[in-house]
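Below, each chain spelled out in residue letters.
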Amino acid sequence: MLDHILRQVQSYTRTHGAAPNAVLISAEHLQILQDLYPRLFDRDPQLELGFRFIVVPGSESPHPRAAHVPERRSSLQRNAA
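These numbers come from a predicted model, not from an experiment.

(A) Broad picture of the overall build of the chain. Counting its regular elements, the chain contains four helices and three strands. Counted from the first residue to the last, the chain has its helices and strands arranged as α-β-α-α-β-β-α. For the chain, the share of sequence-separated contacts (at least 6 apart) that also reach a separation of at least 24 residues comes to 72%. Within the structure as shown, the chain displays about 5700 Å² of accessible surface, and the carbon and sulfur contribution to it stands at 52%.

Following this line, the structure appears as structure tokens:
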């Protein structure tokens, strides 16, 4: 499964000219990934892999896929803008 995710990230990077900052993944797939690669989750996966995992309903993303998701701004940042 990790190889599929990394291929998705590489494909996204080639297509868009920039690396994704997230991988959309179902809770079931994330659990499988955590079971297969527990050491990956000892530290922050975003620091290790360069992207974060965002859990979405399986019906929305039946397979893990790379994406660029805008960073969330805090209420202080929104009020300053």
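Further notes follow.
(B) Representation of the side chain of Ser26. The topology assignment puts Ser26 in the loop between strand 1 (22–25) and helix 2 (27–36). Apart from the residues lying within four places of it in its own chain, the contact partners of Ser26 are Val55, Val56, Gly58 and Ser61.

(C) Focus on the nonpolar core. By size, the foremost hydrophobic cluster in this structure holds twelve residues: Leu2, Ile5, Val9, Tyr12, Val23, Ile25, Leu30, Leu33, Leu40, Phe51, Phe53 and Ala66. Secondary structure elements with two or more residues in this core: helix 1 (2–16), strand 1 and helix 2. When residues in this core are grouped by element, the largest group, four residues, is from helix 1.

(D) Broad picture of helix 1. For helix 1, with 15 residues, the first-to-last C-alpha span of 21 Å sits near the 21 Å given by 1.5 Å per residue. Among the residues making up helix 1, those that are buried are Leu2, Ile5, Val9 and Tyr12. Here the buried residues of helix 1 occupy an arc of 90° about the axis, which is enough to place them on one side. Exposed and oriented more than 90 degrees from the buried face of helix 1 are Arg14 and Thr15. Among the structural elements, strand 1, helix 2, strand 2 (52–55) and strand 3 (65–67) are those in contact with the buried residues of helix 1. A positive phi of about 75° marks Gly17, the residue just after helix 1.

(E) Structural view of the sheet that holds strand 3. Pairing is mixed across the open sheet formed by three strands, whose spatial order is 2-1-3. With one partner strand each, in any of the chains shown, strand 2 and strand 3 form the two edges of the open sheet. Within the sheet, the average angular offset between the axes of one strand and its neighbour, ignoring direction, is 35°. Across four bridges, the pairing between strand 1 and strand 2 is parallel. Note that in strand 2 the partner of Ile25 across the bridge is Val55. Sheet strands in contact with helix 1 are strand 1, strand 2 and strand 3, and its direction is about 40° off that of strand 3.

Conventions and cut-offs
Throughout this description, residue numbers start from 1 for each chain and increase along the sequence as written. Since the coordinates come from a predicted model, pLDDT governs what is reported: local features require at least 70, and pairs of side-chain atoms require 80 or more to be given and counted, while whole-chain, interface and lining totals use all residues. The basis for the side-chain values is all heavy atoms of the structure; hydrogens and waters are excluded. The secondary structure listing takes helices from DSSP runs of H or I that are at least 4 residues long and strands from runs of E that are at least 2 residues long, numbered from the N terminus. Note on contacts: a residue pair qualifies if any of its non-hydrogen atoms lie within 4.5 Å across the two residues. For every accessible area listed, the method is Shrake-Rupley and the probe measures 1.4 Å; residues are considered covered only by the protein chains on display. Residues belong to a common nonpolar core when they are buried Ala, Val, Leu, Ile, Met, Phe, Trp, Tyr or Cys residues joined through side-chain atoms within 4.5 Å. Under the scheme applied here, a residue whose accessible area is under 20% of the maximum for its type counts as buried, over 50% as exposed, and between as partly exposed, the area being computed with a 1.4 Å probe on protein chains only. A helix's residues, less one, multiplied by 1.5 Å, set its expected span. Each direction from the helix axis to a C-beta atom contributes to the arc, which is the arc of those directions. Here the rule is simple: two strands pair whenever DSSP picks up at least two bridges between them. Inter-axis angles, ranging from 0 to 180 degrees, are taken between N-to-C directions of lines fitted to C-alpha atoms, where helices are fitted over the stretch in contact.

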